[in-house]
Amino acid sequence: MKKIIICQRLDKFGKFNELRDNLDVRLTKLLFELGYIPIQIPVNVNNIINFINEISPEGIILSGGGNPRNKDKRYLLEKKLIEISIKKKIPLLGICRGTQRINMHFGGKLMKIKDHVRKKHKLLLSNVKKKIEVMSYHELGFNCKMLGKKIRSLGTSNDQIVKYLRHSNYNIVGVMWHPERNKTIKDFDKKIIKDLFK
């Protein structure tokens, strides 16, 4: 089974604002169901290079949740993971915030958008004729004019917000929805993940 490392949220809890790593358990469940071994990375990992070398992952996931503009420990870890993905040729998947971070890493922009929180959208796909519907959970997004260098859109919503992207030179893919939040794995999501981590 292939090992996939997952970058987690960094959330404050309780009256003492304890910082905690946090991940939706449905994401690890999804990866197990697809035949992978999910390994969660602590946000405060001391030496990410040593961690990567020790684990030898076959894939990286930048998970969703949180503001991608906050330059906190998670932001710095995501930056390093994208750089490692490129250098070591490890496939990387961004989910929602993770996709926003991919776009930002390559010089793309973000803007506040409407009607993308708990809303279903039909994907307008460049390479698939079948109609695909996804549920959005984000207030920040970007259109094709705001894409980073060498990032190409593979699908948008009707209002032209990019929902699915890929880097032209690297094995880096992003989706602006949460495949783990469906009751059962959708074939389209399964294909994206399996094709990336093959």
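What you see is a predicted model; the values in this text were computed from it and never measured. Within any chain, residue numbers begin from 1 and follow the written order of that chain's sequence. For this predicted model, a pLDDT threshold of at least 70 governs which residues receive local features, and a threshold of 80 or more governs which side-chain atom pairs are given and counted, while totals over whole chains, interfaces and linings are taken from all residues. Working from all heavy atoms in the structure, the side-chain values ignore hydrogens and water.

Student: It is not clear to me how the overall build of the chain should be interpreted in this structure. Could you clarify?
Tutor: To qualify as a helix, a DSSP run of H or I must reach at least 4 residues; to qualify as a strand, a run of E must reach at least 2; elements of each kind are numbered from the N terminus. Each helix and strand counted, the chain has five helices and 13 strands in total. The size measure is the radius of gyration over C-alpha atoms, and the globule rule it meets is 2.2 Å times the number of residues to the 0.38 power. Radius of gyration (C-alpha) of the chain: 16 Å, near the 16 Å computed for a compact globule of 198 residues. In terms of overall dimensions, the chain has C-alpha extents of about 45 × 40 × 35 Å along its principal axes. Residues counted as buried form 49% of the 198 residues belonging to the chain. It only takes one pair of heavy atoms within 4.5 Å for two residues to be counted as in contact. Sequence-distant contacts in the chain: of pairs separated by 6 or more residues, those separated by 24 or more amount to 65%. Every accessible area reported is derived by Shrake-Rupley at a probe size of 1.4 Å, with residue values counting cover from the shown protein chains alone. Here the chain has roughly 10,700 Å² of accessible surface; of this, 49% comes from carbon and sulfur atoms. The positive charge centre, built from 42 side chains, and the negative charge centre, built from 18, are 5 Å apart in the chain. Per-residue accessibility, obtained with a 1.4 Å probe over protein chains only, is compared with the maximum for each type, and a residue is labelled buried under 20%, exposed over 50%, and partly exposed between these values. This count recognises Lys and Arg as positive and Asp and Glu as negative, with His and chain-terminal groups excluded. Charge coordinates come from a single atom per side chain, which is NZ of Lys, CZ of Arg, CG of Asp or CD of Glu.

Student: Even after reading the chapter, I still don't get the packing of helix H2 (residues 48-55) against helix H3 (residues 73-88), so can you show me in this structure?
Tutor: Packed helices, taken two at a time, are described by the angle their axes make and the gap between the axes. With axes taken as lines fitted to C-alpha atoms, and helix axes fitted only over the stretch in contact, angles between N-to-C directions fall between 0 and 180 degrees. For the pair H2 and H3, the least separation of the axes is 11 Å and the interaxial angle reads 50°. Relative to H3, the element H2 is oriented oblique. Taken as a pair, H2 and H3 cross one another with a handedness that is right-handed. For the pair H2 and H3, contact is made by Ile48, Ile49, Ile52 and Asn53 and by Leu77, Lys80, Leu81, Ile84 and Lys88, respectively. In the scheme used here, Gly and all other residues not listed as nonpolar or charged are polar, with Ala, Val, Leu, Ile, Met, Phe, Trp, Tyr, Cys and Pro taken as nonpolar and Asp, Glu, Lys and Arg as charged. Class assignment of the residues belonging to the contact of H2 with H3 gives a composition of six nonpolar, one polar and two charged. Throughout this description, any angle smaller than 35 degrees is read as roughly parallel, any larger than 145 degrees as roughly antiparallel, any in the 65 to 115 degree range as roughly perpendicular, and the remainder as oblique. Two helices crossing with the near one rotated counterclockwise from the far one by less than a right angle form a left-handed crossing, whereas a clockwise rotation gives a right-handed crossing.

Student: Got a minute to help me understand the side chain of Gln8 in this structure?
Tutor: Looking at the element boundaries, Gln8 is found in the loop between strand S1 (2-7) and strand S2 (9-13). We call two N or O atoms a polar contact when they sit within 3.5 Å, provided that within protein one can donate a hydrogen and the other can accept it, with sequence-adjacent residues counted only if both atoms are side-chain atoms. Looking at Gln8, its side chain comes within polar contact range of the main-chain oxygen of Ile41, at 2.9 Å. Excluding residues within four positions of it along the chain, Gln8 makes contact with Asp21, Asn22, Leu23, Gln40, Ile41, Pro42, Val43, Ser63 and Arg74.

Student: Is there a simple way to explain helix H5 (residues 187-196) in this structure?
Tutor: Since there are 3.6 residues in each turn of an α-helix, residues three or four apart along the chain are aligned in direction. By the burial criterion, the buried members of H5 are Phe188, Asp189, Ile192, Ile193 and Leu196. Projected down its long axis, H5 shows its buried positions confined to an angular sector of 130°, all on one face. In H5, the exposed residues that point more than 90 degrees away from the buried face are Asp187 and Lys191. Arc definition: it is the arc formed by the directions from the helix axis to the C-beta atoms.

Student: Please clarify how the environment of Leu62 should be interpreted in this entry.
Tutor: Note that Leu62 resides in strand S5 (residues 59-62). Residues Leu62 and His105 lie 43 residues apart in sequence; the distance between their C-alpha atoms is 13 Å.

Student: How should I be thinking about the pattern of salt bridges in this particular structure?
Tutor: Side-chain pairs of opposite charge can arise whenever the charged atoms involved come near each other. Salt bridge criterion: a side-chain nitrogen from Lys or Arg within 4 Å of a carboxyl oxygen from Asp or Glu. Summed over all chains, the structure comprises eleven salt bridges. The partner of Glu78 in a salt bridge is Arg101, and the shortest N-O contact between them spans 3.0 Å. Placement of the pair is Glu78 in helix H3 and Arg101 in helix H4 (residues 97-105), with a sequence separation of 23 residues. Notably, a salt bridge pairs Glu139 with Lys112, separated by 3.5 Å at the nearest N-O pair. With Glu139 in the loop between strand S9 (132-137) and strand S10 (140-141) and Lys112 in strand S7 (residues 111-112), this pair connects stretches of sequence that are 27 residues apart. For Lys112, a relative accessible area of 62% translates into the label exposed. One salt-bridge network, held together by shared partners, links Arg74, Glu78, Arg97 and Arg101.

These figures capture arrangement, not role.
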